Amino acid sequence: MSTTKFTRSGTQTKTFVELLCTPSFGGGLHEIFTFFSAVHILLSITAFLTNSLIIVALHKESSLHRPSKLLYRSLATTDLLVGLVALPLYATYWMSLVQEHWSLCRYAFDAAYITGSALFLTSLMTMTAISVDRLLALLLGLRYKQIVTLKRTYIIVATIWILSLVSSLCALLDDRITFLYRLITIPLCLVISLASYTKIFRTLRYHQVQAEDPVQQQPSQLNLLNIAQYRKAVYGALWVKLALVVCFAPLFIVVTVIAHSKTHSSHLVILRGITVVLVYFNSTLNPFLYCWKISEVRQAVKQTIRQALCCPRS
């Protein structure tokens, strides 16, 4: 494989990637670009199918609190759209490089960039809302269902989607607006999630100490059962959050390196392509995490699969 070096002006990752959509970029990478395109198509199919199953299962599941279920349905919808829109656009982008359709290449990248950015921000903010929801369920007790209502959750979900879409569309006018929004939103969401889970585990530790107190052992048995169920729900949400961070961290590192470099080789292009694949793999991974860590979702998925495969006899 040949190594091609090229320079660019500016410091934005988008400018770096768009340089690939020019005839001046060296050859020798068509096989790798074709491979990336094929992987994106495969991930598109798996993300669409698995998240469709999760959405159907959540619709049928009735034991989860409806606002909490709405947040997970929103998250699954985000991953479904990744498979339905973002991944095919990225596959088109890679194949346009192979076919040297430079105009299509630029349009495909712009569309993939805007869509991927909007869906990432939606996922991140939805997961942050889930962490706050789990904290409120612990702190509010019996008042939780009175305060965290379905109507209020719909408003929060709608606000998240609108803000993510608008901020990403601003990239068409001035990419600095989108960059500034991400610069504020991403650290804020991570801090809120970290604070929420820290408070949750400290509170759970306090309840565990109370449960081990012989004086309060008898009245705490019911509370211990509720806490055990709640703990499983928290770990499920935490695993999904950690998966997002792990899948996106390599891309963040590579983008940072690109933004501070004036000369790049084709190896860096390939490395970025690998990290993008890892990012979109998260949308296929999440449904398996739901089934693994959330027993209600796992049972609903099993029931949905049985109903799809087994036709009831008349």
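Predicted model, so just to flag it, every value in this text is computed and none were measured.

Peer 1: So, the overall build of the protein chain: which residues are in play, and what are the values?
Peer 2: A tally of helices and strands in the protein chain yields 10 helices and 2 strands. Listing every helix and strand of the protein chain by position from the N terminus yields β-α-α-α-α-α-α-α-α-β-α-α. A burial count over the protein chain gives 47% of its 314 residues as buried. A sequence separation of at least 24 residues applies to 81% of the contacts in the protein chain between residues at least 6 apart. Counting only carbon and sulfur atoms, one obtains 68% of the accessible surface of the protein chain, whose full area is about 16,700 Å².

Peer 1: Break down the UniProt feature "transmembrane region" (unreviewed entry) in the protein chain for me, with residues and values.
Peer 2: Mapped onto this numbering, the UniProt entry gives "transmembrane region" (unreviewed entry) at residues 32-58, 70-91, 111-132, 153-173, 179-197, 238-258 and 270-292. Annotation note: span residues 111-132, helix share 100%, strand share 0%, distance between end C-alpha atoms 32 Å. In residues 153-173, the share of helix is 81% and the share of strand is 0%. The end C-alpha atoms are 31 Å apart.

Peer 1: Give a detailed account of the layout of surface pockets, specifying residues and quantitative values.
Peer 2: To find the voids left in a structure, one rolls a probe of water-molecule size over its atoms. One number sums up the size of the largest pocket: a volume of about 1,200 Å³. In terms of lining, the largest pocket is formed by 40 residues, of which the most central are Phe120, Arg182, Ile186, Phe252 and Val255. Among the secondary structure elements, those contributing two or more residues to the lining of the largest pocket are helix 1 (13-18), helix 3 (66-99), helix 4 (102-140), helix 7 (175-211), helix 8 (221-259) and helix 9 (266-293). Each residue belonging to the lining of the largest pocket can be placed in one class, and the counts come to 23 nonpolar, 11 polar and 6 charged. Volume-wise, the second largest pocket comes out at about 1,100 Å³. As for the second largest pocket, its lining consists of 27 residues, of which Arg134, Ala137, Asn226, Gln229 and Tyr230 are closest to the centre. At the level of secondary structure, the elements contributing two or more residues to the lining of the second largest pocket comprise helix 3, helix 4, helix 5 (144-147), helix 8, helix 9 and helix 10 (295-309). Here the element with the most residues in the lining of the second largest pocket is helix 8; it accounts for 8 residues. Of the residues belonging to the lining of the second largest pocket, the class tally is 12 nonpolar, 9 polar and 6 charged.

Peer 1: Go over the environment of Phe33, please, and point to the residues and values.
Peer 2: Among the secondary structure elements, Phe33 is positioned in helix 2 (residues 30-60). Separated by 64 residues in sequence, Phe33 and Leu97 have C-alpha atoms that sit 7.2 Å apart.

Peer 1: Before we move on, can you summarise a nonpolar patch on the surface with the specific residues and values?
Peer 2: Residues Ile41, Ile45, Phe48, Leu49, Leu84 and Val85 make up a contiguous nonpolar surface patch of roughly 520 Å² in combined accessible area. Within the residue set of the nonpolar patch, elements represented by two or more residues are helix 2 and helix 3. Per-element tally for the nonpolar patch: the top contributor is helix 2, with 4 residues. Position of Leu84 relative to the elements: it lies in helix 3.

Peer 1: So what's going on with unusual backbone geometry? Which residues, and what values?
Peer 2: Non-glycine residue Glu100 carries a positive phi angle of around 60°. Tracing the backbone shows Glu100 in the loop between helix 3 and helix 4. Residue Glu100 is classed as partly exposed on the basis of its relative accessible area, which comes to 44%.

Peer 1: How would you summarise the environment of Thr203 if you had to cite specific residues and measurements?
Peer 2: Position of Thr203 relative to the elements: it lies in helix 7. By relative accessible area, which is 14% here, Thr203 ends up buried. Considered as a pair, Thr203 and Leu139 are 64 residues apart in the sequence and their alpha carbons are 8.7 Å apart. Excluding anything up to four places from it in sequence, Thr203 contacts Leu138 and Leu139. A distance of 2.8 Å separates a polar atom in the side chain of Thr203 from the backbone oxygen of Lys199.

Peer 1: An account of the packing of helix 2 against helix 3 is requested, with residue identities and associated values reported.
Peer 2: In contact at an axis separation of 8 Å, helix 2 and helix 3 are set at 160° when each is read in the N-to-C sense. The pairing of helix 2 with helix 3 is recorded here as roughly antiparallel in orientation. As helix 2 runs across helix 3, the sense of the crossing is left-handed. Taken together, the residues of the contact of helix 2 with helix 3 sort by class into 21 nonpolar, 10 polar and 3 charged.

Peer 1: Could you give an account of the pattern of salt bridges, naming the residues involved and the relevant values?
Peer 2: Applying the stated rule across the entire model yields 1 salt bridge. Here Asp133 makes a salt bridge to Arg134, at a shortest N to O gap of 3.0 Å. Of the two residues, Asp133 and Arg134, both sit in the buried class.

Parameters at a glance
Residues numbered from 1 in each chain as written. Predicted model: local features only at pLDDT ≥ 70, side-chain atom pairs only at ≥ 80, totals over all residues. Heavy atoms only, no water. Helix = DSSP H or I, 4+ residues; strand = E, 2+ residues; numbered from the N terminus. Buried < 20%, exposed > 50% of the residue type's maximum accessible area, 1.4 Å probe, protein only. Contact = heavy atoms within 4.5 Å. Areas by Shrake-Rupley, 256 points an atom, 1.4 Å probe, with all protein chains shown as cover. UniProt positions renumbered as here; feature names shortened; annotations may be inferred. 1 Å grid on protein atoms, 1.4 Å probe; cavity = no way out; pocket = protein on both sides within 12 Å on 5 of 7 lines; lining within 4 Å. Points joined across faces, edges and corners; volume = space filled by probe spheres on them. Nonpolar A, V, L, I, M, F, W, Y, C, P; charged D, E, K, R; others polar. Patch = residues over 30% accessible without salt bridge, like charges linked within 9 Å, V, L, I, M, F, W, Y side chains within 5 Å. Salt bridge = Lys/Arg side-chain N within 4 Å of Asp/Glu carboxyl O. Polar contact = N/O pair within 3.5 Å; in protein donor to acceptor, adjacent residues only side chain to side chain. Axes fitted to C-alpha atoms, helices over the stretch in contact; angles between N-to-C directions. Parallel < 35°, antiparallel > 145°, perpendicular 65-115°, else oblique. Left-handed = near helix turned anticlockwise from the far one by under 90°.

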